[in-house]
Each structure stands twice: as structure tokens, then as C-alpha cells.
Amino acid sequence: MAKRFENKIVAITGGSEGIGLATARLFAAEGARVYITGRRQERLDEAVEEIGSGAVGVRGDAANLADLDRLYERIQRDHGRLDVVFANAGLSESEPRPLGTIDEESVDRLFGLNVRGLLFTVQKALPLLSAGSVVILNGSVAGSKGFPGQSLYNASKAAVRSFARSWTSDLKAQGIRVNVVSPGGTETGPMRSYLTARPGVEDMLKQVVPLGRLGQPDEVARAVLFLASQESSYIAGVELVVDGGSLAV
């Protein structure tokens, strides 16, 4: 099989589990040198071993600017350049918070990672990027919906979608493409915990998805690799929705 990312340098925040880990594995399998971040050192070490192919783990929180600096300083020392950034790290509310119950801590925590952290993940990478580099942002179908009790998460992912439009304009002179991948319900650890604690919700989700099931992390990961590859060379500023058709139908 042709390796589309031979000798490419890829950075993935939140790459120690879920969609981030699945994406890191596929990039490595296609020849990339992959750098991932994660907050828990033990899990990060396990992920690096699972990815193989010389993957590097840099412990850190994408909401912490000093941690992002350490990631990019390591890549600068090792390679002096970066070809792909997948700003993947993010979080959602574990419990519904309808308007009237939202507190400052929730706003700061969720926007601190999903919006502020994502912004600086990309901005701090810019010195390592050049013409032909690609930035992919992890959005969500929530950015186009009004899920009840999830206004913070919905709004944060709408901001991610907006960033892709604006940054496509900002970076066009540098030849850097920016796109968004927006998953629907995907079979990750946090999603499984959420569904297990709420009997009946999984069946309800499957009923509104035309394909009748949750997505798999690898299915989202393959969409990320498409957006990072030359196969999408004339695609910029778009949102590629990977949700089994639930948003479109």
C-alpha cells in the first residue's frame, strides 16, 4: 500500500485515546512520524507503544500554553518543521447544564480547552508550518445543533467551525489549508461511559442515525487522513461531517 505520509511530521493533541489515538495509528501506518499529547503519563506511554513507528508522546494539557510550547519545542528540536496539525483535544459536559444552571467554572473549563486551547494549538504551531502544511480541527455535529442542556459544548464547536473559515482566509498566503472534521456519536471510552449511565439513550441515538449505529474512531480517523492528504488538495475551509447521515437527513 502506498504510504501517503512518508516522512511527514504530524502533531495530534489528545492523541492517547479515542479518535486521536485511532488517527495517530493510521498516520503512523502510512509512514508519518507522529507526536501525541495526553494528560496521563501512563496512558500516554501505552498509546505510544500501541502506535509504534517511532511515535513520540509529550505529556501535556492542550489548555495549558506552556505544555503546547513544550510540544512544539520538541518537534522543532527533532525536525524543525511540522506538516500536519490535528487539533483534536476537547471535552464535553458530563451532565446537562441548561441555561440558568451554568456556572463560571464550567464556562472556563470547556471554553478553555475547546476554544482557547484549540486556538493556541494552531497559533503556536505556525512557526513550524509552511506551504503545503495542513491544519485539521476536531469539531462536532453539535456545532450545528441545539442539543438541550449542552449550550456550552454546542457553542464551543460552532466556534471551531468558524475558526476554519477565518483561518483559511488568514493562512491562504502561506499556502496552509485548514478544515474541520465533525463527528457525530462515536464509540469512544467517554461516549460508552455516558451511554452506560443512561439506559435507552443509545437506542434513541441509533434511531436518528440513518446508518443505524454509532461511528467507530477509525471511521473518523480516515476522514482526518483524507483532509490531510493530497487527495483533498483543493478542499479548504470545509466541515467534513462523519455522523452516519444524522445531520443531513
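Here the structure is a predicted model, which means the values were calculated and not measured.

Let's talk about the overall build of the chain
A count of helices and strands for the chain gives eight helices and seven strands. For 249 residues, the compact-globule formula gives about 18 Å, and the C-alpha radius of gyration of the chain, at 17 Å, lands near that figure. Taking the principal axes of its C-alpha atoms as reference, the chain extends roughly 50 × 40 × 40 Å. Within the chain, the fraction of its 249 residues that count as buried is 46%. For the chain, contacts bridging at least 24 residues in sequence account for 69% of all contacts bridging at least 6. Total accessible area computed for the chain in this model is approximately 11900 Å², and 51% of it derives from carbon and sulfur atoms. Both charge centroids of the chain, one from 28 positive and one from 29 negative side chains, sit 4 Å from each other.

Here's the deal with the UniProt feature "domain: Ketoreductase" (unreviewed entry) in the chain
Feature annotation in UniProt assigns "domain: Ketoreductase" (unreviewed entry) to the following positions: residues 8–186. Counting secondary structure, residues 8–186 comes out at 43% helix and 17% strand; the distance between its end C-alpha atoms is 27 Å.

What about helix α5 (residues 151–170)?
In this model α5 runs 28 Å from its N-terminal to its C-terminal C-alpha over 20 residues, within 8% of the 28 Å that 1.5 Å per residue would give. Those residues of α5 that fall on the buried side of the exposure criterion are Leu152, Tyr153, Asn154, Ser156, Lys157, Val160, Arg161, Phe163, Ala164, Trp167 and Thr168. Residues of α5 that are buried sit in contact with α4 (104–123), β5 (134–138), β6 (177–183) and β7 (239–242).

Details of the sheet that holds strand β1 (residues 9–12)
An order of β3-β2-β1-β4-β5-β6-β7 is seen for the seven strands of this open sheet, with the pairing classed as parallel. Two strands close off the open sheet at either side, each with one partner strand: β3 (56–59) and β7. Between one strand axis and the next, the sheet turns by 20° as a mean value, whatever way the strands run. In this structure, β6 lies alongside β7, joined through four bridges in parallel fashion. Paired with Pro183 across the two strands is Val242, which belongs to β7.

Conventions and cut-offs
Residues numbered from 1 in each chain as written. Predicted model: local features only at pLDDT ≥ 70, side-chain atom pairs only at ≥ 80, totals over all residues. Heavy atoms only, no water. Helix = DSSP H or I, 4+ residues; strand = E, 2+ residues; numbered from the N terminus. Rg over C-alpha atoms; globule rule 2.2 N^0.38 Å. Buried < 20%, exposed > 50% of the residue type's maximum accessible area, 1.4 Å probe, protein only. Contact = heavy atoms within 4.5 Å. Areas by Shrake-Rupley, 256 points an atom, 1.4 Å probe, with all protein chains shown as cover. Lys, Arg positive; Asp, Glu negative; His and termini not counted. Charge placed at Lys NZ, Arg CZ, Asp CG, Glu CD. UniProt positions renumbered as here; feature names shortened; annotations may be inferred. Expected span 1.5 Å × (residues − 1). Pairing = 2+ DSSP bridges. Axes fitted to C-alpha atoms, helices over the stretch in contact; angles between N-to-C directions.

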